[in-house]
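Spelled out, the chains give:
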Amino acid sequence: MHLNKNSLHLTSFPVGSYACNCSILYSDKTGEAIIIDPGNDHEFILKKIKELQILPKKLLHTHAHFDHIGRSSEISAATGATIHLHKGDQFLYDMLPQQGLFFRQNVGTPKPIDSHLEEGETFSFVDPEINSFLTTLHTPGHTPGSCCFYSDYFDIPQLFAGDTLFQRSIGRTDLPGGDGSLIIKSIKNRLLVLPEETKVIAGHGPATSIYQEKKSNPFLC
Ligand SMILES: [Zn+2]
(Lines give C-alpha, C1' and ligand atoms only; values in the text may rest on other atoms or scores of the structure.)
Protein backbone atom coordinates (compact mmCIF):
# COMPACT_ATOMS: atom_id res chain seq x y z
CA MET A 1 0.00 0.00 0.00
CA HIS A 2 1.35 3.43 -0.96
CA LEU A 3 -0.19 6.84 -0.31
CA ASN A 4 1.06 10.39 -0.62
CA LYS A 5 0.08 14.00 -0.05
CA ASN A 6 2.43 16.90 -0.74
CA SER A 7 5.89 15.63 0.17
CA LEU A 8 4.66 13.06 2.74
CA HIS A 9 4.58 9.42 1.66
CA LEU A 10 3.24 6.38 3.45
CA THR A 11 4.10 2.84 2.51
CA SER A 12 2.92 -0.27 4.43
CA PHE A 13 3.91 -3.90 3.97
CA PRO A 14 4.20 -7.12 5.98
CA VAL A 15 7.58 -8.08 7.40
CA GLY A 16 9.13 -10.94 9.35
CA SER A 17 8.16 -14.39 10.55
CA TYR A 18 4.70 -13.34 11.79
CA ALA A 19 3.99 -10.94 8.90
CA CYS A 20 3.79 -7.83 11.08
CA ASN A 21 2.51 -4.83 9.11
CA CYS A 22 5.27 -2.21 9.05
CA SER A 23 4.58 1.36 7.92
CA ILE A 24 7.12 3.91 6.76
CA LEU A 25 6.27 7.62 6.63
CA TYR A 26 8.81 9.76 4.79
CA SER A 27 9.36 13.11 3.12
CA ASP A 28 10.47 13.01 -0.52
CA LYS A 29 12.02 16.47 0.01
CA THR A 30 14.27 15.81 2.98
CA GLY A 31 14.35 11.99 3.00
CA GLU A 32 13.65 11.90 6.75
CA ALA A 33 11.52 8.95 7.82
CA ILE A 34 9.63 7.41 10.72
CA ILE A 35 9.19 3.65 10.80
CA ILE A 36 6.25 2.18 12.73
CA ASP A 37 6.73 -1.45 13.85
CA PRO A 38 9.84 -2.53 11.92
CA GLY A 39 9.06 -6.19 12.72
CA ASN A 40 11.73 -8.81 13.20
CA ASP A 41 13.63 -8.88 9.89
CA HIS A 42 16.20 -6.09 9.94
CA GLU A 43 17.83 -7.16 6.67
CA PHE A 44 14.55 -6.74 4.82
CA ILE A 45 13.97 -3.30 6.39
CA LEU A 46 17.54 -2.13 5.69
CA LYS A 47 17.05 -3.13 2.04
CA LYS A 48 13.79 -1.19 1.93
CA ILE A 49 15.52 1.89 3.42
CA LYS A 50 18.13 1.72 0.64
CA GLU A 51 15.51 1.23 -2.05
CA LEU A 52 13.49 4.26 -0.89
CA GLN A 53 16.67 6.30 -0.28
CA ILE A 54 15.44 7.51 3.09
CA LEU A 55 17.00 8.42 6.43
CA PRO A 56 15.07 6.85 9.32
CA LYS A 57 15.06 9.17 12.34
CA LYS A 58 12.70 7.31 14.66
CA LEU A 59 11.47 3.75 15.15
CA LEU A 60 8.02 3.85 16.79
CA HIS A 61 6.51 0.71 18.29
CA THR A 62 2.88 -0.10 18.98
CA HIS A 63 4.07 -2.57 21.64
CA ALA A 64 7.02 -4.76 22.60
CA HIS A 65 6.16 -8.20 21.22
CA PHE A 66 9.16 -9.63 19.35
CA ASP A 67 7.35 -9.73 15.99
CA HIS A 68 7.03 -5.90 16.10
CA ILE A 69 10.30 -4.89 17.80
CA GLY A 70 12.60 -7.95 17.71
CA ARG A 71 15.24 -6.46 15.38
CA SER A 72 14.85 -2.74 16.01
CA SER A 73 18.22 -2.60 17.79
CA GLU A 74 19.99 -3.70 14.60
CA ILE A 75 18.10 -1.10 12.52
CA SER A 76 18.90 1.57 15.09
CA ALA A 77 22.60 0.60 15.09
CA ALA A 78 22.77 0.68 11.29
CA THR A 79 20.90 3.96 10.75
CA GLY A 80 21.13 5.98 13.98
CA ALA A 81 17.33 6.02 14.31
CA THR A 82 16.08 6.25 17.90
CA ILE A 83 13.90 3.57 19.54
CA HIS A 84 10.52 4.68 20.98
CA LEU A 85 8.24 2.57 23.17
CA HIS A 86 5.65 3.25 25.90
CA LYS A 87 7.08 2.63 29.36
CA GLY A 88 4.23 0.19 30.12
CA ASP A 89 5.92 -2.28 27.76
CA GLN A 90 9.46 -1.84 29.13
CA PHE A 91 9.17 -5.20 30.97
CA LEU A 92 8.29 -6.99 27.71
CA TYR A 93 11.20 -5.29 25.95
CA ASP A 94 13.53 -6.41 28.74
CA MET A 95 12.13 -9.94 28.21
CA LEU A 96 12.91 -9.99 24.46
CA PRO A 97 15.45 -12.83 24.80
CA GLN A 98 12.81 -14.91 26.67
CA GLN A 99 10.17 -14.05 24.04
CA GLY A 100 12.63 -15.27 21.43
CA LEU A 101 13.10 -18.57 23.26
CA PHE A 102 9.37 -19.05 23.85
CA PHE A 103 8.41 -18.43 20.21
CA ARG A 104 11.61 -20.08 18.87
CA GLN A 105 12.78 -16.89 17.20
CA ASN A 106 16.23 -15.44 16.97
CA VAL A 107 16.27 -11.96 18.54
CA GLY A 108 19.32 -9.79 19.12
CA THR A 109 20.46 -8.13 22.33
CA PRO A 110 18.10 -5.19 22.85
CA LYS A 111 19.62 -1.68 22.85
CA PRO A 112 18.20 0.64 25.52
CA ILE A 113 14.97 2.48 24.65
CA ASP A 114 15.83 6.07 23.64
CA SER A 115 12.46 7.61 24.46
CA HIS A 116 9.26 6.52 26.18
CA LEU A 117 6.17 7.30 24.12
CA GLU A 118 3.68 9.58 25.84
CA GLU A 119 -0.09 9.80 25.38
CA GLY A 120 -0.71 12.66 22.93
CA GLU A 121 2.92 12.88 21.80
CA THR A 122 3.11 14.18 18.23
CA PHE A 123 5.75 13.80 15.54
CA SER A 124 6.95 16.23 12.88
CA PHE A 125 9.59 16.40 10.17
CA VAL A 126 12.05 19.21 9.46
CA ASP A 127 10.20 19.55 6.13
CA PRO A 128 7.94 22.55 6.96
CA GLU A 129 5.06 21.11 4.91
CA ILE A 130 4.81 18.20 7.33
CA ASN A 131 4.07 19.37 10.86
CA SER A 132 2.63 17.28 13.68
CA PHE A 133 1.34 14.68 11.25
CA LEU A 134 1.23 11.79 13.71
CA THR A 135 -0.22 11.52 17.23
CA THR A 136 0.27 8.81 19.87
CA LEU A 137 -2.81 7.25 21.50
CA HIS A 138 -2.13 5.08 24.55
CA THR A 139 -4.48 2.09 24.17
CA PRO A 140 -3.60 -0.52 26.83
CA GLY A 141 -5.11 -4.02 26.81
CA HIS A 142 -3.17 -6.23 24.40
CA THR A 143 -0.18 -5.14 26.49
CA PRO A 144 0.01 -2.41 29.19
CA GLY A 145 2.04 -0.10 26.92
CA SER A 146 0.14 -0.71 23.68
CA CYS A 147 -0.18 2.46 21.59
CA CYS A 148 -1.82 3.36 18.30
CA PHE A 149 -0.64 6.17 16.03
CA TYR A 150 -3.11 8.43 14.24
CA SER A 151 -2.54 10.70 11.26
CA ASP A 152 -5.14 13.08 9.86
CA TYR A 153 -2.63 14.58 7.42
CA PHE A 154 -3.86 12.53 4.46
CA ASP A 155 -7.28 13.05 2.83
CA ILE A 156 -8.37 9.81 4.48
CA PRO A 157 -7.12 9.64 8.11
CA GLN A 158 -4.87 6.69 8.91
CA LEU A 159 -4.68 4.69 12.13
CA PHE A 160 -1.74 2.42 12.86
CA ALA A 161 -3.45 0.06 15.28
CA GLY A 162 -0.78 -2.49 16.18
CA ASP A 163 -2.33 -5.58 17.78
CA THR A 164 -5.18 -3.63 19.42
CA LEU A 165 -7.74 -3.72 16.58
CA PHE A 166 -7.92 -6.11 13.62
CA GLN A 167 -10.41 -6.62 10.81
CA ARG A 168 -13.38 -8.20 12.65
CA SER A 169 -11.18 -9.07 15.60
CA ILE A 170 -9.20 -7.61 18.49
CA GLY A 171 -5.79 -8.35 19.98
CA ARG A 172 -5.27 -11.38 22.22
CA THR A 173 -5.07 -10.66 25.92
CA ASP A 174 -3.81 -14.02 27.23
CA LEU A 175 -0.12 -13.09 27.11
CA PRO A 176 1.75 -11.43 30.04
CA GLY A 177 0.26 -8.00 30.80
CA GLY A 178 -2.87 -8.56 28.66
CA ASP A 179 -6.25 -7.32 29.95
CA GLY A 180 -9.49 -8.31 28.20
CA SER A 181 -11.76 -5.60 29.60
CA LEU A 182 -9.13 -2.88 29.20
CA ILE A 183 -8.64 -3.57 25.46
CA ILE A 184 -12.39 -3.18 24.84
CA LYS A 185 -12.37 0.07 26.82
CA SER A 186 -9.36 1.37 24.84
CA ILE A 187 -10.96 0.52 21.50
CA LYS A 188 -14.35 2.01 22.37
CA ASN A 189 -13.06 5.17 24.07
CA ARG A 190 -10.05 5.96 21.89
CA LEU A 191 -10.52 4.34 18.46
CA LEU A 192 -14.22 4.10 17.67
CA VAL A 193 -14.52 7.86 18.35
CA LEU A 194 -12.21 8.64 15.41
CA PRO A 195 -13.78 9.71 12.08
CA GLU A 196 -15.59 6.71 10.58
CA GLU A 197 -13.70 6.94 7.30
CA THR A 198 -10.38 6.40 9.13
CA LYS A 199 -8.41 3.60 7.55
CA VAL A 200 -7.12 1.09 10.08
CA ILE A 201 -3.75 -0.48 9.34
CA ALA A 202 -3.79 -3.43 11.72
CA GLY A 203 -0.69 -5.09 13.16
CA HIS A 204 -1.36 -8.18 11.05
CA GLY A 205 -3.64 -9.02 8.13
CA PRO A 206 -5.82 -6.80 5.95
CA ALA A 207 -6.61 -3.14 6.55
CA THR A 208 -10.10 -2.09 7.59
CA SER A 209 -11.89 1.12 8.64
CA ILE A 210 -13.43 2.47 11.84
CA TYR A 211 -16.83 2.38 10.10
CA GLN A 212 -16.45 -1.32 9.18
CA GLU A 213 -15.38 -2.31 12.69
CA LYS A 214 -18.17 -0.32 14.36
CA LYS A 215 -20.62 -2.14 12.12
CA SER A 216 -19.30 -5.69 12.02
CA ASN A 217 -16.66 -6.44 14.66
CA PRO A 218 -18.22 -9.24 16.78
CA PHE A 219 -16.07 -8.28 19.79
CA LEU A 220 -17.45 -4.73 19.85
CA CYS A 221 -21.12 -5.11 18.94
ZN1 LIG B 1 1.40 -8.43 19.90
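Presented here is an overview of the structure given in this document. As the structure is a prediction and not an experimental result, all values here were calculated from the model. (Residues numbered from 1 in each chain as written. Predicted model: local features only at pLDDT ≥ 70, side-chain atom pairs only at ≥ 80, totals over all residues. Heavy atoms only, no water.)

**A short note on the coordination of the zinc ion**
Then, number 1: Taken together, the protein donors to the zinc ion comprise His63 (NE2), His65 (ND1), His142 (NE2) and Asp163 (OD), at separations of 2.2 to 2.3 Å.
Then, number 2: Each of the four donor atoms around the zinc ion contributes to a set of angles spanning 86 to 172°, which defines the coordination as irregular.
Then, number 3: In primary-sequence terms, the residues that donate to the zinc ion follow H-x1-H-x76-H-x20-D. Taken together, the residues His63 in the loop between strand S5 (55-60) and helix H2 (66-69) and His142 in the loop between strand S9 (134-138) and strand S10 (147-151) connect sequence positions 79 residues apart.
Then, number 4: Judged by relative accessible area, His63 falls into the buried class, the value being 0%.
Then, number 5: Owing to a relative accessible area of 3%, His142 belongs among the buried residues under this scheme. (Donors = N, O, S within 2.8 Å, 3.2 Å for Na, K, Ca; no water. Tetrahedral: all angles 85-135°; square planar, octahedral: opposite > 155°, others 65-115°. Helix = DSSP H or I, 4+ residues; strand = E, 2+ residues; numbered from the N terminus. Buried < 20%, exposed > 50% of the residue type's maximum accessible area, 1.4 Å probe, protein only.)

**With respect to the packing of aromatic side chains**
Then, number 1: A complete count under the given rule lists seven aromatic pairs for this structure.
Then, number 2: Seen from their ring centres, Tyr18 and Phe66 are 5.3 Å apart, and the 85° between their planes marks the pair as edge-to-face. Residue Tyr18 is found in the loop between strand S2 (8-15) and strand S3 (20-27), and its partner Phe66 is found in helix H2; the two are separated by 48 residues along the sequence.
Then, number 3: Judged by relative accessible area, which is 38%, Tyr18 ranks as partly exposed.
Then, number 4: Look at Phe66 and you get buried, because its relative accessible area is 2%.
Then, number 5: Their ring planes at 85° and their centres at 5.9 Å tell us that Tyr153 and Phe154 sit as a pair that is edge-to-face. Just as Tyr153 is buried, Phe154 falls in that class too.
Then, number 6: Among the aromatic residues, those joined into a cluster by ring pairs are Tyr18, Phe66, Phe102 and Phe103.
Then, number 7: In this structure, Lys5 packs its charged tip against the face of Tyr153, placed 5.5 Å from the ring centre.
Then, number 8: Between the NZ or CZ atom of Lys48 and the centre of the ring of Phe13, over which it lies, the distance is 4.4 Å. (Phe/Tyr/Trp six-rings, centres within 6.5 Å; stacked < 30°, edge-to-face > 60°. Lys NZ or Arg CZ within 6 Å of the ring centre and 35° of its normal.)

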